[in-house]
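# Architecture and fold: a report
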Amino acid sequence: MAIPGHAQIDPLMVVEVEINSLSTADSPRISGVDQEHVEALAVVQSPLPPITVHRSTMRVIDGLHRLRAAEIRGHRKIAVKFFDGDTADAFVLAVESNVTHGLPLTTADRKSAAGRIIASHPQWSDRMIASVSGIAPGTVAEIRRRTPAERAGEASRIGHDGRVRPVNGTEGRRVASELIAQNPQLSLRQVARVASISPETVRDVRNRMMRGEDPLPQRGKRGGEGLTSAPRSGTGPTIVPDRDTVQDRTAVLKRLNADPALRFSETGRTLLRLLNIHTISADEWDEIIDKAPPHCGRIVAYLANECAEMWAEVAVRVQRKVAETA
């Protein structure tokens, strides 16, 4: 699904506009402009790219630092591309533009913007909003839970691919499990299209079925702080954490770290080091993502996906081993 705004801008239509006719209100940057960045742009010899302006309000959507640099240079006019959508979509475009190029928005800016986009576009999925605001889908979900404007009766949301999917994926998981059982050769995307769920959810359903588990995840009751019972298999912890609770993962890993079978073997210590990496919080992940150099983005995303695939395979094989030795 295209981000609203791109189709409403003619990239070939650039006009000169009086600087004093422009508004700089409603920026996604909480702390305003970065004066050092403005001064750096002001001394650039080559022409700067046109800024983007909301035609109906004359508000600067993208290019506030370029505008201030033009003022320092003493220019009266600046090159502009006009956006013709509504105010809510103009803000979305402002956020998306400042995430993908120029001086990046801070983590606080992105979270604040995500909250506003949730209110103005509640029908968008967490992944859709995450792709625009540059934060993790899990962080968007947490912000949505705290947002009073969330529509309690909302049954479905629009994903980044433009497809409408149910908020409650129980029925989709059930359909996916039936399709996989009938034809295990179907691809993730084929099943996802029929079941109206994401390929990632189909992967989880398939992996659960391979492990002999219910394809519908059973959340633990909060009496145990999000922990659910797991089969006993010799030594080690007898609980597994709710997937979304970093504190619970940390608690379980603390018990694993004390297990002599792991502590006193080289392979055990390697496993503990790998597992401990994933106890960092969503905010820490956001910080890592923010600081990843843009020119490395594709490589980092590729390697992250490869690591996810490897961990999924590890999970399946370990579960299979547990089942065989039980």
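### Some points on the sheet that holds strand β4 (residues 77–83)
The four strands lie next to each other as β1-β4-β2-β3, forming an open sheet whose pairing is mixed. The two strands at the open ends of the sheet, each matched to only one other strand, are β1 (15–18) and β3 (59–62). When the angles between neighbouring strand axes are averaged without regard to direction, this sheet yields 55°. One ladder, built from four bridges, connects β1 with β4; its direction is antiparallel. Within β4, the residue paired with E18 across the bridge is K77. Lying on the sheet, helix α2 (residues 64–72) is in contact with β2 (51–54), β3 and β4; it crosses β3 at an angle near 120°. The strands that helix α3 (residues 87–100) touches are β2, β3 and β4; relative to β3, the one it contacts most, it runs at about 40°.

### Concerning the environment of S27
Inspection of the secondary structure puts S27 in the loop between β1 and α1 (35–42). Taking relative accessible area as the criterion, S27 reaches 30% and is therefore assigned partly exposed. Separated by 34 residues in sequence, S27 and I61 have C-alpha atoms that sit 7.5 Å apart. Among the polar contacts made by the side chain of S27, one reaches the main-chain amide nitrogen of R29 at a distance of 3.1 Å.

### Overview of the packing of helix α4 (residues 107–120) against helix α5 (residues 126–133)
Running from N to C, α4 and α5 cross one another at 135°; their axes reach a closest spacing of 10 Å. One way to sum up the angle between α4 and α5 is to call them oblique. Regarding α4 and α5, the two cross each other, and that crossing is right-handed. Where α4 abuts α5, its residues R110, A114, I117 and I118 lie against I129, V132 and S133. For the contact of α4 with α5, a count of residues per class yields five nonpolar, one polar and one charged.

### Side note on a nonpolar patch on the surface
Taken together, the side chains of W285, I288 and I289 present a nonpolar region at the surface, about 270 Å² in accessible area. Along the chain, I289 turns up in helix α13 (residues 282–291). I289 gets classed as partly exposed once you look at its relative accessible area, which sits at 45%.

### With respect to the packing of α3 against α4
Orientation of α3 relative to α4, taken along the N-to-C sense of each, is 150°, at an axis distance of 10 Å. As the angle between them shows, α3 and α4 are arranged roughly antiparallel. Where α3 crosses over α4, the handedness of that crossing is left-handed. Judged by residue contacts, A88, F91, V92, V95 and V99 of α3 engage R110, A113, R116, I117 and S120 from α4.

Conventions used here
- Residues numbered from 1 in each chain as written.
- Predicted model: local features only at pLDDT ≥ 70, side-chain atom pairs only at ≥ 80, totals over all residues.
- Heavy atoms only, no water.
- Pairing = 2+ DSSP bridges.
- Helix = DSSP H or I, 4+ residues; strand = E, 2+ residues; numbered from the N terminus.
- Axes fitted to C-alpha atoms, helices over the stretch in contact; angles between N-to-C directions.
- Contact = heavy atoms within 4.5 Å.
- Buried < 20%, exposed > 50% of the residue type's maximum accessible area, 1.4 Å probe, protein only.
- Polar contact = N/O pair within 3.5 Å; in protein donor to acceptor, adjacent residues only side chain to side chain.
- Parallel < 35°, antiparallel > 145°, perpendicular 65-115°, else oblique.
- Left-handed = near helix turned anticlockwise from the far one by under 90°.
- Nonpolar A, V, L, I, M, F, W, Y, C, P; charged D, E, K, R; others polar.
- Patch = residues over 30% accessible without salt bridge, like charges linked within 9 Å, V, L, I, M, F, W, Y side chains within 5 Å.
- Areas by Shrake-Rupley, 256 points an atom, 1.4 Å probe, with all protein chains shown as cover.
- Salt bridge = Lys/Arg side-chain N within 4 Å of Asp/Glu carboxyl O.

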